[in-house]
Amino acid sequence: MAWQAFTPARGGLRRWLQASGSLSARLAATGQHFSVQVLAQGRQPLTLDESCALGLGGRRIGYAREVVLRVDGQAMVFARSVTSHADSVGAWRSVRGLGSRPLADVLFKRAGISRAPLAYSQLKRQSPLQRHVASSWQTATGVVLAHPALPARRSVFTRHGATLLVMEVFAVPAGHWRWPQAAPRKIFKQRT
């Protein structure tokens, strides 16, 4: 799968994809209730692409967290964050205890974390990654993803030399991606 430094998306979706800072905070600003639905968390094989992005080389066992981000109950984004297993009990151990809180609580509220530039891709229908996202999405939401390509972005975060890869897939149609009028300020509400 090819990740590139620019996105071919247009309009509001392009603005969302290119936005820096917390995606969770921006999503929360668009509705009354923001929630994180945890789909999977724990030791998982990393793809070769993920291992390379983390600077590990070769296929490895890592620690992964997969979630669906929802606004007012509507599923909007599938997100997958991965790190090496060793880093999940080291510099990124706080990811293990997030539960239904957004990863942004760690990434944008703690000192000493740097972020590499965003990279973009279109997950093509029937690619292994798109099939995984579509299957996870359908299990979580009951909705079949019928888009020919899903816009996605990813970035590597570094803390004390340890890397964490975060990928976000914008799974709802482009017409849903209107830019919030107010600055992100809503309080995150946990799912119970």
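In the block above lies the structure referred to throughout.
Since this is a predicted model, take the numbers as computed values, not measurements.

### Side note on unusual backbone geometry
Consideration 1: Positive phi, normally seen in glycine, also occurs at Gln-126, with a value near 75°.
Consideration 2: Considering the arrangement of structural elements, one finds Gln-126 in the loop between strand S5 (119-124) and helix H6 (128-141).
Consideration 3: Within the chain, His-160 stands out as a residue other than glycine whose phi angle is a positive 50°.
Consideration 4: One can find His-160 in the loop between strand S6 (149-159) and strand S7 (162-170).

### Here's the deal with empty space enclosed by the protein
Consideration 1: The tally for this structure, following the rule as stated, stands at 1 cavity of 30 Å³ or more.
Consideration 2: Counted as a void, the largest cavity has a volume near 200 Å³.
Consideration 3: Taken together, 20 residues line the largest cavity, and the ones lying closest to its centre are Ser-24, Leu-103, Ala-104, Val-166 and Glu-168.
Consideration 4: When residues of the lining of the largest cavity are traced back to their parent elements, those giving at least two are helix H2 (23-28), strand S2 (61-71), strand S3 (74-84), helix H5 (104-107), S6 and S7.
Consideration 5: Counted by class, the lining of the largest cavity contains 11 nonpolar, 4 polar and 5 charged residues.

### What to know about the nonpolar core
Consideration 1: Counting residues in hydrophobic clusters, the biggest one holds 36 residues, and the most contacted among them are Leu-27 and Trp-177.
Consideration 2: Once residues within four sequence positions are removed from consideration, Trp-177 is found in contact with Gly-12, Leu-13, Trp-16, Leu-27, Met-76, Val-77, Phe-170 and Val-172.
Consideration 3: Membership of the second largest hydrophobic core comes to 12 residues, among which are Ala-91, Trp-92, Val-106 and Ile-113.

### Here we look at the pattern of salt bridges
Consideration 1: In total, this model carries 6 salt bridges according to the counting rule given.
Consideration 2: The salt bridge partner of Arg-80 is Glu-50, with a shortest N-O separation of 2.6 Å. Taken as a pair, Arg-80 in strand S3 and Glu-50 in helix H3 (residues 48-53) lie far apart in primary sequence, 30 residues in all. You'll find Arg-80 and Glu-50 in the same group, each marked buried.
Consideration 3: Among the salt bridges present, the one from Arg-153 reaches Glu-168, with a minimum N-O distance of 2.5 Å. Separated by 15 residues along the polypeptide, Arg-153 in strand S6 and Glu-168 in strand S7 bring together distant segments of the chain.
Consideration 4: The class of Arg-153 is buried, set by a relative accessible area of 1%.
Consideration 5: Classification of Glu-168 as buried rests on a relative accessible area of 11%.

### Structural notes on helix H1 (residues 11-18)
Every α-helix carries 3.6 residues per turn, so stepping three or four residues along brings you back to the same face.
Consideration 1: Of the residues making up H1, those classed as buried are Leu-13, Trp-16 and Leu-17. Seen along its axis, H1 keeps its buried residues to an arc of 95°; they face one direction.
Consideration 2: On the buried face of H1, the contacting elements are H2, S5, S6 and S7.

### Examining the layout of surface pockets
Which parts of space are left empty comes out when a probe the size of a water molecule is rolled across the atoms.
Consideration 1: Looking at the second largest pocket, its volume works out to about 190 Å³.
Consideration 2: Lining the second largest pocket we find Trp-16, Leu-27, Thr-30, Val-71, Asp-72, Gln-74, Met-76, His-176 and Arg-178.
Consideration 3: The residue inventory of the lining of the second largest pocket, partitioned by class, reads 4 nonpolar, 3 polar and 2 charged.

### Topic: the packing of aromatic side chains
Consideration 1: All told, the structure shown has 3 aromatic pairs when counted by the stated rule.
Consideration 2: Between Trp-16 and Trp-177 the ring centres are 5.1 Å apart and the planes differ by 65°, which places this aromatic pair in the edge-to-face class. Linking Trp-16 in helix H1 with Trp-177 in the segment after S7, this pair joins segments that are 161 residues apart in sequence.
Consideration 3: We classify Trp-16 as buried; its relative accessible area is 1%.
Consideration 4: With 6.0 Å between their ring centres and 85° between their planes, Phe-108 and Phe-157 make a pair best called edge-to-face.

Cut-offs and rules
Residue positions are counted from 1 within each chain, in the order its sequence is given. Two thresholds apply to this predicted model, a pLDDT of at least 70 for residue-level local features and 80 or more for giving and counting side-chain atom pairs, whereas whole-chain, interface and lining totals are computed over all residues. Computation of side-chain values: all heavy atoms of the structure, hydrogens and water removed. Counting from the N terminus, the helices are DSSP H or I runs at least four residues long and the strands are E runs at least two residues long. A cavity here means a set of 1 Å grid points, computed over protein atoms only, where a 1.4 Å probe fits but cannot escape. A pocket is an open set with protein on both sides within 12 Å along at least 5 of 7 lines, and lining residues have an atom within 4 Å of a point. Grid points are joined across faces, edges and corners, and a volume is the space filled by probe spheres set on the points. Residues are grouped as follows: Ala, Val, Leu, Ile, Met, Phe, Trp, Tyr, Cys and Pro are nonpolar; Asp, Glu, Lys and Arg are charged; every other residue, Gly included, is polar. Take the buried residues of types Ala, Val, Leu, Ile, Met, Phe, Trp, Tyr and Cys, join any two whose side-chain atoms come within 4.5 Å, and each joined set is a nonpolar core. Per-residue accessibility, obtained with a 1.4 Å probe over protein chains only, is compared with the maximum for each type, and a residue is labelled buried under 20%, exposed over 50%, and partly exposed between these values. Any two residues whose heavy atoms approach within 4.5 Å at even a single point are treated as in contact. Here, a salt bridge means any side-chain nitrogen of Lys or Arg that lies within 4 Å of a carboxyl oxygen of Asp or Glu. Directions drawn from the helix axis to the C-beta atoms are what define this arc. Here a pair means two rings of Phe, Tyr or Trp (six-membered ring of Trp) with centres within 6.5 Å. Their orientation is stacked below 30 degrees between planes, edge-to-face above 60, and tilted elsewhere.

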